[in-house]
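Breakdown of the fold
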Amino acid sequence: MLSQNHLHVSLLYIVLLTGTKYGCGGGGCGACTVMVSRYDQLHNRVLHYTVNACLQPICTLHGSAVVTVEGIGSTKTKLHPVQERIAKAHGSQCGFCTPGMVMSMYTLLRNKPHPTMEDIREALGGNLCRCTGYRPIIDGFKTFCDNDCVLNKYLIPCQISDELFHMDNVLPLDPSQDLIFPPELMKRACGSLCFQGDRLKLISPVDLTNLLELKTEYPEAPVVVGNTTIGPNMQVKGIHHPLIIYAGRVSDLHTVTWGKDGVSVGAVCTLSSLKEEMEMAVREMEAERTRGYQALLQTLRCLAGKQIRNMAVSPITITHRYRLILQKQREFAFSIVNAGMKVVFKEGSNIVESLNIYYGGVGPTLVKVGRTCQKLVGRYNLHTILKSQPMSPAFLAKDYQASPESQDRGHSTPLSECSFLFGFPVLQTHYLKTFQTFLTPQALRCSALGRCATQEAACRFSDHVSLFHFKTSDIDPSEALGMTGVVTFLSAGDVPGQNRRMWFNNPEELFAEEEVTCVGQIIGAVVAESREQARRAAQRVKVTYQDLLPVFFTIEEAIQHQSFFDPKRKLERGDMDKAFETVDQILEDEIYLGGQEHFYMETQGLIAVPKGENGELELFVASQHAAYTQEVVGITLGIDSNKITCHVRRLGGAFGGKVMKIASLSAITATAAVKTGRAVRCVLERGDDMLITSGRHPFLGQYKVGYNNDGTIMAADITYYSNGGCTLDESSFIMEKALLHMDNAYRIPNLRGRGLVCKTYLPSYTAFRGFGGPQGLMVMESVLHEVAVKCGLPPQKVREINMYREEECYTHHKQLFSPRDMLRCWDECLDKAGYHDRLQAIQQFNTYNRWKKRGISAVPMKFGVGFSKGFYNQGAALVNIYKDGSVLVAHGGTEMGQGINTKALQIAGRILKVPMSSIHIKETCTGNVPNAAPSAASFGTDAVGMAVKDACEKLMRRLKPVMENHPKYTWQQWIVEAYCQKVSLSATGFFLGPHTGVDWENSEGTAYYYFTFGACCSEVEIDCLTGDHKNLRTDIVMDVGESLNPALDIGQIEGGFVQGIGLYTIEELQFSPEGVLMTRGPSQYKIPALCDVPPQLNVHLLANAQNPHAIYNSKGIGEPPVFLASTIFFAIKEAVAAARRERGLGDSFPLSSPATAERIRMACEDQFTEMAPSPKKGTFKPWSINI
Ligand SMILES: Cc1cc2nc3c(=O)[nH]c(=O)nc-3n(C[C@H](O)[C@H](O)[C@H](O)COP(=O)(O)OP(=O)(O)OC[C@H]3O[C@@H](n4cnc5c(N)ncnc54)[C@H](O)[C@@H]3O)c2cc1C
Ligand code: FES
Ligand code: FES
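Residues numbered from 1 in each chain as written. Chains lettered and ligands numbered in written order. Predicted model: local features only at pLDDT ≥ 70, side-chain atom pairs only at ≥ 80, totals over all residues. Heavy atoms only, no water.

Threshold: UniProt positions are given in the numbering used here, feature names are shortened, and annotations may be inferred rather than shown by experiment.
Per an unreviewed UniProt entry, the recorded name for the protein is Aldehyde oxidase 5, and the organism is Hucho hucho. UniProt's Sequence similarities (unreviewed entry) comment on the protein is quoted here verbatim: "Belongs to the xanthine dehydrogenase family."

**Considering the overall build of the protein**
What counts is decided by this rule: To qualify as a helix, a DSSP run of H or I must reach at least 4 residues; to qualify as a strand, a run of E must reach at least 2; elements of each kind are numbered from the N terminus. Exposure categories follow from relative accessible area, calculated using a 1.4 Å probe and restricted to protein chains: below 20% of the type maximum is buried, above 50% is exposed, and the middle band is partly exposed. All accessibility values rest on the Shrake-Rupley procedure with a 1.4 Å probe; residue burial counts only the protein chains present in the view.
From N to C terminus, the protein includes 34 helices and 45 strands. Within the protein, buried positions represent 62% of all 1187 residues. Element-wise, carbon and sulfur atoms account for 51% of the exposed surface of the protein, whose accessible area totals about 45,500 Å².

**Remarks on the environment of Met-311**
The line we're drawing: We call two residues in contact when some of their heavy atoms are within 4.5 Å.
Inspection of the secondary structure assignment puts Met-311 in helix α10 (residues 306–311). Met-311 has contacts with Val-51, Asn-52, Leu-55, Gln-56, Val-225, Gly-226, Thr-228 and Thr-270, leaving out every residue within four places of it along the chain.

**What to know about the sheet that holds strand β42 (residues 986–992)**
Quick reminder of the rule: Strand pairing requires that DSSP identify at least two bridges connecting the strands. Only the contacting stretch of a helix is used when fitting its axis, a line to C-alpha atoms as for every element, and angles between N-to-C directions run 0 to 180 degrees.
Overall, mixed pairing links the four strands, which are arranged β40-β39-β38-β42 in an open sheet. This sheet does not close on itself; its edge strands, each paired only once, are β40 (919–921) and β42. Here the strands of the sheet are splayed against their neighbours by 20° on average, with no regard to which way each runs. Across three bridges, the pairing between strand β39 (residues 887–891) and β40 is parallel. Bridging from a neighbouring strand, Leu-888 pairs with His-920 of β40. Against the sheet, helix α28 (residues 940–965) touches β38 (874–881), β39 and β42, its axis set at about 140° to β42.

**Topic: the UniProt feature "binding site: FAD" (unreviewed entry) in the protein**
UniProt's entry tags Val-223, Val-224, Val-225, Gly-226, Asn-227, Thr-228, Thr-229, Ile-230 and Leu-326 with the feature "binding site: FAD" (unreviewed entry), counted in the numbering of this structure. Mapping Val-225 onto the fold places it in the loop between β6 (223–224) and α7 (230–235). Its relative accessible area of 18% is what places Val-225 among the buried residues. Among residues more than four places away in sequence, those in contact with Val-225 are Tyr-246, Ala-247, Gly-248, Val-268, Met-311 and Val-313. Here Gly-226 shows up in the loop between β6 and α7. For Gly-226, a relative accessible area of 8% gives the class buried.

**Looking at the UniProt feature "binding site: Mo-molybdopterin" (unreviewed entry) in the protein**
On the UniProt side, "binding site: Mo-molybdopterin" (unreviewed entry) is annotated at positions that read Gln-624, Phe-655, Arg-769 and Ala-937 here. Spanning 314 residues, the named residues nonetheless gather at one spot, since no C-alpha pair among them exceeds 12.3 Å. Along the chain, Gln-624 turns up in the loop between β29 (617–621) and α19 (626–637). Once you skip the residues sitting within four places of it in the chain, Gln-624 turns out to touch Leu-651, Ala-654, Phe-655, Gly-656, Gly-657, Lys-658, Val-659, Thr-894, Met-896, Pro-934 and Ser-935.

**Describing the pattern of salt bridges**
To keep it simple, the criterion reads: Salt bridges, as used here, are contacts in which a Lys or Arg side-chain nitrogen is within 4 Å of a carboxyl oxygen on Asp or Glu.
If you walk through the whole model with that rule in mind, you get 56 salt bridges. Residue Lys-1177 pairs with Glu-556 through a salt bridge whose shortest N-O separation is 2.8 Å. Here Lys-1177 is found in the segment after α34 (1167–1171), whereas its partner Glu-556 is found in helix α17 (residues 555–560), with 621 residues between them in sequence. For Lys-1177, a relative accessible area of 69% translates into the label exposed. The partly exposed category is assigned to Glu-556, whose relative accessible area is 45%. When salt bridges that share partners are traced, they join Glu-122, Lys-275, Glu-279, Lys-306 and Arg-309 into one network.

**Looking at the sheet that holds strand β1 (residues 33–40)**
Read across the open sheet, the three strands follow the order β2-β1-β3; overall the sheet is antiparallel. Sheet topology places β2 (45–52) and β3 (65–67) at the edges, where each strand pairs with a single neighbour. For this sheet, the mean angle separating the axes of adjacent strands, direction not counted, is 25°. Pairing between β1 and β3: three bridges, direction antiparallel. Counterpart to Val-36 in the pairing with β3 is Val-66.

**Details of the nonpolar core**
The condition that has to hold: For the purposes of this section, nonpolar cores are sets of buried Ala, Val, Leu, Ile, Met, Phe, Trp, Tyr and Cys residues that join through side-chain atoms within 4.5 Å.
Counting residues in hydrophobic clusters, the biggest one holds 169 residues, and the most contacted among them are Met-101, Ile-120, Phe-141, Ile-1036, Met-1038, Phe-1057 and Ile-1132. Residues contacting Phe-141, with those up to four places away along its chain left out, are Val-82, Ile-86, Met-101, Val-102, Met-105, Ile-120 and Leu-124. Counting 91 residues, the second-largest nonpolar core is a separate cluster that includes Ala-667, Phe-867, Ala-904 and Ala-947.

**Digging into helix α21 (residues 686–693)**
Burial runs high along α21: seven of the eight residues are buried. Where α21 is concerned, the buried positions are Arg-686, Gly-687, Asp-689, Met-690, Leu-691, Ile-692 and Thr-693.

**Side note on the packing of aromatic side chains**
Operational definition: Each Phe, Tyr or Trp ring, with Trp reduced to its six-membered ring, pairs with another whose centre is within 6.5 Å; inter-plane angles below 30 degrees give stacked pairs, above 60 give edge-to-face pairs, and intermediate values give tilted ones. Either the NZ atom of lysine or the CZ atom of arginine qualifies as a charge over a ring when it sits within 6 Å of the ring centre and within 35 degrees of the ring normal.
Summed over the entire model, instances satisfying the criterion amount to 22 aromatic pairs. Taken together, a centroid distance of 5.1 Å and an interplanar angle of 70° make the contact between Trp-503 and Tyr-628 edge-to-face. Note that Trp-503 is positioned in strand β20 (residues 500–503) and Tyr-628 in helix α19, a separation of 125 residues in sequence. Comparing Trp-503 with Tyr-628 shows no difference in burial state: the two are buried. Aromatic ring contacts, followed pair by pair, group Trp-503, Phe-504, Tyr-628, Phe-733, Phe-867, Phe-871, Tyr-872, Phe-939, Phe-991, Tyr-1009 and Tyr-1010 into a single cluster. We note Lys-658 situated over the ring of Tyr-600; from NZ or CZ to the ring centre the distance is 4.4 Å.

**Side note on the confidence of the model for the protein**
Selection criterion: Residue-level confidence of the predictor is what pLDDT reports, using numbers from 0 through 100.
The predicted model of the protein averages 88 in pLDDT, with 87% of residues at 70 or higher. Across residues 440–453, confidence stays below pLDDT 50; counting only partners more than four residues off in sequence or on other chains, it has 46 contacts.

**Some remarks on the state of the cysteines**
Quick note on the threshold: Note on disulfides: each one is a pair of cysteine sulfur atoms within 2.5 Å.
According to the stated counting rule, one finds zero disulfides in the structure shown. Here Cys-518 is not disulfide-linked; the sulfur of Cys-726 is the nearest cysteine sulfur, at 3.8 Å. A residue is classified by how much of its surface remains accessible, and Cys-518, at 7% relative accessible area, is buried.

**Here we look at the packing of helix α2 (residues 81–88) against helix α3 (residues 98–111)**
We count it as follows: With respect to orientation, any angle under 35 degrees is reported as roughly parallel, any angle over 145 as roughly antiparallel, any angle of 65 to 115 as roughly perpendicular, and every other angle as oblique. In this scheme the crossing of two helices becomes right-handed for a clockwise turn of the near helix relative to the far one and left-handed for an anticlockwise turn of less than a right angle.
α3 packs onto α2 with a crossing angle of 130° between their chain directions and a minimal axis gap of 9 Å. Classified by the interaxial angle, the pair formed by α2 and α3 is oblique. By crossing handedness, the relation of α2 to α3 is classed as right-handed. Note on element contacts: α3 touches α2 through Thr-98, Met-101, Val-102, Met-105, Tyr-106 and Leu-109, opposite Val-82, Gln-83 and Ile-86.

**Points about the pairing of strand β43 (residues 1010–1023)**
Most of β43 is tucked away: 14 of the 14 residues are buried. Here β43 shows no split at all, with Tyr-1010, Thr-1012, Gly-1014, Cys-1016, Ser-1018, Val-1020 and Ile-1022 on one side and Phe-1011, Phe-1013, Ala-1015, Cys-1017, Glu-1019, Glu-1021 and Asp-1023 on the other all buried. In the sheet, strand β37 (residues 852–865) pairs with β43 via 14 bridges, with the strands oriented antiparallel. Directly across from Pro-860, in β43, lies its bridge partner Ala-1015. Bridge count between β43 and strand β44 (residues 1029–1039): 10 bridges; the pairing is antiparallel. Residue pairing in the sheet places Gly-1014 in a bridge with Met-1038 of β44. Hairpin connection from β43 to β44: five residues lie between these consecutive antiparallel strands, with Gly-1027 at a positive phi of about 85°.

**Quick notes on helix α9 (residues 291–302)**
Counting along an α-helix, one turn takes 3.6 residues, and residues three or four places apart therefore face a common direction. As a reminder of what qualifies: Take the number of residues in a helix, subtract one, and multiply by 1.5 Å to get its expected span.
Here α9 spans 17 Å end to end across 12 residues, near enough to the 16 Å set by a 1.5 Å rise per residue. Listed in full, the buried residues belonging to α9 are Arg-291, Tyr-293, Ala-295, Leu-296, Leu-297, Thr-299, Leu-300 and Cys-302.

**Concerning the pairing of strand β4 (residues 193–196)**
Residue alternation in β4 divides its side chains into a buried set, Leu-193 and Phe-195, and an unburied set, Cys-194 and Gln-196. Relative to strand β5 (residues 201–204), β4 runs antiparallel, the two being bridged by four bridges. Note that in β5 the partner of Gln-196 across the bridge is Lys-201. In sequence, β4 turns back onto β5 through a hairpin of four residues.

Below, the structure is given as structure tokens:
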């Protein structure tokens, strides 16, 4: 008998192979992609297709073969060409998405050994990557394309960026080496199957009569095919069905029949099969007859990813004449609102003969606007219909204009039938055409590959909607404790040491003790034998609360309540009051910036193992700051740090999110391990991770700026508010960084910044790549943009007028720097982007296009590297040489995809003069390198690199006499000789970094070690009617000094930039008015997918740049590129302004970040938005709030 797990749940939790990854559990990320092969008896062929293992019930795979990433190749045996090429092209940073990417590509090649770029784009559309920016993945995979591939259609040469990736010596694709489909699975399928589990039964009939009988007998049992709706409901929402009927094996329901009047599609025909049929019809039938199929194809291309389409049956009824979808992202996104409409006009008139309009997504079920339809029949023309349906007029108008009828006959001509099936073209996604230029080619990096259990723990967190008091006696775990597999429950009273995590004297409770201050706060934890049991039991722990009011969540409310954390910071230069008296103009405005979820592909997790001796404990933990985790665990358990060892092999992405929260989670898990005396693993589900660990701070920037009519800004007074959530965490340091970056590239003589961190009742916000920089810089760039608009000048001109220009400049906190390389980046960027010519072309485009507008924008950047808390600027390493000549390097940094290990290996190899193959880095371990600083602030390589260099130089100094005495010896002989001479072959290295620090009272101090400079120019196109936008082209020039490894640095630039695209344009966290995070997975929260990367993304490393401060003249690059994506935001603003100008509206209008489709649409004010005016504040309850 199979257990409950083995039934409804998927392949992912059963295969026990660690290559297939968990990223979301809901089909939304592709990390768990595997290939399923099945014999199709009807056509006597074997079908290979990808599925998301997290949603694929194991019992539905009877008779199928499954290939996971382990099945195609490995480092132990031989890599498959797909694996080799993604690694060689540097398409794997943290490596967590890589197995899924590999399986999608492998399956494509099984079906089509010579794919086109369109095939590759489609195959990877359902795979997310948070690190790379996708370009290198595509570079690696497009080497499988034929030279005459479809790229040529777009006049883009199908070449890889061979400066970074050499095609020499790559393995050829040899289909004869692929695993064969097991012949025994070709036998005729057996009859109905029934799988019985302890909580669930699954019946799989093979004929229709049987299916109908079952449905009659068990009307409550859902009929499942792809499990892509039922699966997430069961796994993510915890909905339980005791009986499931699987209809996927009913052969009658697989058929597709073409008839005179159209096509009849079997109810279990997958979306992929449907798409194939539609493609065939479009290829083979006359164009006029296939308009409906073309529209359906267009929808199918945007619907979910390839894996979901391979599993799911159609949510589309083909008889719908028109289907309209509003979604958060162009592709791979759930629709927010969808609609089906059909209107027929009386022959030769514009009188409506019949009208049907349905909406989905506006209520619990499909809504038919029956009365409206009825009223309109017989009496109205199209324009009246538009007015009667405020939700849809723009879309109808869009289609109307795109339809051949409108083009042929003009807008006012009566239509006999207005088929809205045609048109509504989604802005076309083109293919990536990228360039990367740099001067100093260096060694390649290795790719991160797979990773490798125990009791499981799940947290019980607050799920209530306001602030509560409770006593420990108000927690009742008795029901949970009585459940199968449950070992124990723990809460604050079980903590042997201190129930708090300290951070610079700021305590944060591990388990809530008396008061819950946010939804998502941890109250207790359940330990059980399996993950499922722990999860289920955690939901059964009862907590009784007593309400405390008022609670509030937004920055605006915190200002009203004057609820701020200390310290409040201020930086100031010049004399503001005097300056405001003399300027030509004064502008007061504000900009709101939403927060961002880290969405590292690997959720937070660890294993705590009690050693059974002297209280020793080992933790295998995904932490960016192992030493801090060790310290917090020690304090929680009341034992010394010397008994706790933290091991960090690599992290599946971190982006700042795995410094603080993982320490709390580690302390809780360690407490469970100590209490039970057994190893305990705790891995957060994606939704819980998003809820509990929070992310980047939302910011509000309010400013008063004084400027002259020529665009010179004389004074800017900015108040920054951030939403810090319920505890301080790192919020004050993040606010400091925002203030320290506020001047960006501009010498504004009178500048004042005040920073206040709001205390609200939300989960506590924490560090995120850029650490306040992207918000601080963005507010200043808004100031520049708005001043340009007011002065009627191009923004790039106003930026230039105000830039730092002298060879020696001082920031607003009086740090000396030279802006020379920043100006070079700016000039080169405008030049390489052809900014001025393209600006003209854009103006022309905008003149000729009414509903589509383009915009272009460029920004410069100055970004501080290093910690402004000086003591963190240190690095340590340990280098051991063994008698066989092999070298082991250990350092205090953590590898999370940024390539720190590769750079450390390069540095060690360069000094020891041994090949990188002789050097190994095993892990980061607090037992080898103690007290290490976090890998953060773009400073990891600087600190670790210097420390490795120091250790290697010490060893070389010790070896020098041996080498001089035996010049002919090999490296290994020198080592053996040194050993015999009792020379120590182990050395520690240390880097004493700069003494940075800021005197906040006097607004002065050297806050950063040095600055990384850059500039970026982006062009976008918006669709004024839908709010959709498309990133057309981006050019980046970045100063990374003398790059240690251009492939890694370019990877960081592209990856950071694409993460910034998410921050400024797509990623929107939505909270209910009760402070509950509603966006808890990739279905609701969209991070950039392949379709969001500009098809032209050109990255240039500034030539002849120097940086005497850091290792081998290089520069830190991890954080700065995120901000460069603000160019996309400002380009969108330009495009919206063009649309508004045409309608006689002002160029100055509010636009919050992210610039989502909804915001763009509403900013392009027109006759349609007038039909749906925003209701007055306070007159309604919003369904989501801007926190
Ligand atoms: C990551 C992800 C992205 C998605 N993106 C999109 C998107 O962009 N646009 C969009 O529209 N949708 C999207 N979806 C939703 C998806 O289209 C539906 O989940 C899918 O169509 C359901 O098909 P299924 O076979 O998997 O249904 P199942 O989960 O198997 O069943 C769903 C429901 O339909 C019923 N049912 C299933 N088969 C039959 C049948 N043959 N006859 C009668 N009833 C049946 C079941 O009883 C159940 O109630 C997405 C889903 C996921 C997981
Ligand atoms: S884990 Fe399966 S799609 Fe994300
Ligand atoms: S490499 Fe893709 S998620 Fe990290």
